[in-house]
Amino acid sequence: MLWLGHLGFTLFIGTFLFLPSLFVAIGVLLPDIVDKGLLFLGLSEYSRLYAHNIFFPPIASAILYATTRRKDMSIALLFGGYMHLIEDARHTVPWLWPFVNYDLIPTSGITIALDTFDIVVESIGLSLLAALFLFRRNVLSLRGKLLAKIEDLYGRRIVKKV
């Protein structure tokens, strides 16, 4: 999955979870920024290794929390990081690296090879981003209605109003 797919799906879900969008976006892009950045700089042979494992999102989130003391931003970053890994699961993801060795194929640069699935996913991601930005008020209204239905179903408040 490329950036539009990652951003679209994750920000759309994060909006319904009342997470700060900026930190959801940073969290979902951070694994690619780190690993592709290292590959681009010639410091790594792999496009998914150092930041594409289950240990990176909590470490990044803990660093953010230690510097800001903001739980909402840290949770949003953690959510974005884990969503990235789930969205990349179609390809080889070194989930438990460095504790488990993976037979990863070294990459000789950043290449983008799109198949039909990738084109469809990126198109859906772009559509979700467009819906969030063009129809934000409608999306937030829908979120409120869904939350009200859930609260009616369970008979108690789920999200504390600020």
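Given the structure is predicted, the values throughout are model-derived calculations rather than measurements.

## Let's talk about the packing of helix α1 (residues 3-16) against helix α6 (residues 136-154)
Move 1: For the pair α1 and α6, interaxial distance at closest approach is 9 Å and the crossing angle is 50°. Taken together, the axis directions place α1 and α6 in an arrangement best described as oblique. Contact residues: α1 offers F12, T15 and F16, while α6 offers R136, V139, L140, L142, R143 and L146.
Move 2: The residue makeup of the contact of α1 with α6, split by class, is 6 nonpolar, 1 polar and 2 charged.

## Description of the pattern of salt bridges
Move 1: Going through the model one piece at a time under the given rule, you end up with 5 salt bridges.
Move 2: A salt bridge links D32 to K36, with the shortest nitrogen-to-oxygen separation between them at 3.1 Å. One end of the pair is D32 and the other is K36, both in helix α2 (residues 21-40) and 4 residues apart, which spans about a single turn.
Move 3: You can call D32 buried: its relative accessible area is 4%.
Move 4: Here D88 makes a salt bridge to R48, at a shortest N to O gap of 3.3 Å.

## Concerning helix α4 (residues 71-87)
Move 1: Over its 17 residues, α4 runs 24 Å from end to end, which matches the ideal 24 Å to within 8%, given 1.5 Å per residue.
Move 2: M73, S74, A76, L77, F79, G80, G81, M83, H84, L85 and E87 are the residues of α4 that are buried.

## Section: a nonpolar patch on the surface
Move 1: A contiguous nonpolar surface patch, about 370 Å² in accessible area, is contributed by L2, I112, L114 and I119.
Move 2: The topology assignment puts I112 in the loop between α4 and α5 (116-134).

## Examining the packing of aromatic side chains
Move 1: Tallying each qualifying case throughout the model produces 3 aromatic pairs.
Move 2: On the basis of an interplanar angle of 55° and a centroid distance of 5.3 Å, the ring pair of F12 and F16 is categorised as tilted. Of this pair, F12 and F16 both sit in helix α1, separated by 4 residues, roughly a single helical turn.
Move 3: Where Y50 meets W97, the ring centres are 5.1 Å apart and the plane angle is 90°; that geometry is what we call edge-to-face. Here Y50, found in the loop between α2 and α3 (56-68), pairs with W97, found in the loop between α4 and α5; they are 47 residues apart in sequence, far enough to count as distant.
Move 4: With a relative accessible area of 35%, Y50 lands in the partly exposed category.
Move 5: A relative accessible area of 21% places W97 in the partly exposed class.
Move 6: Between R143 and the ring centre of F18, over which it is positioned, the NZ or CZ distance is 3.9 Å.

Rules and cut-offs
Residues numbered from 1 in each chain as written. Predicted model: local features only at pLDDT ≥ 70, side-chain atom pairs only at ≥ 80, totals over all residues. Heavy atoms only, no water. Axes fitted to C-alpha atoms, helices over the stretch in contact; angles between N-to-C directions. Helix = DSSP H or I, 4+ residues; strand = E, 2+ residues; numbered from the N terminus. Parallel < 35°, antiparallel > 145°, perpendicular 65-115°, else oblique. Contact = heavy atoms within 4.5 Å. Nonpolar A, V, L, I, M, F, W, Y, C, P; charged D, E, K, R; others polar. Salt bridge = Lys/Arg side-chain N within 4 Å of Asp/Glu carboxyl O. Buried < 20%, exposed > 50% of the residue type's maximum accessible area, 1.4 Å probe, protein only. Expected span 1.5 Å × (residues − 1). Patch = residues over 30% accessible without salt bridge, like charges linked within 9 Å, V, L, I, M, F, W, Y side chains within 5 Å. Areas by Shrake-Rupley, 256 points an atom, 1.4 Å probe, with all protein chains shown as cover. Phe/Tyr/Trp six-rings, centres within 6.5 Å; stacked < 30°, edge-to-face > 60°. Lys NZ or Arg CZ within 6 Å of the ring centre and 35° of its normal.

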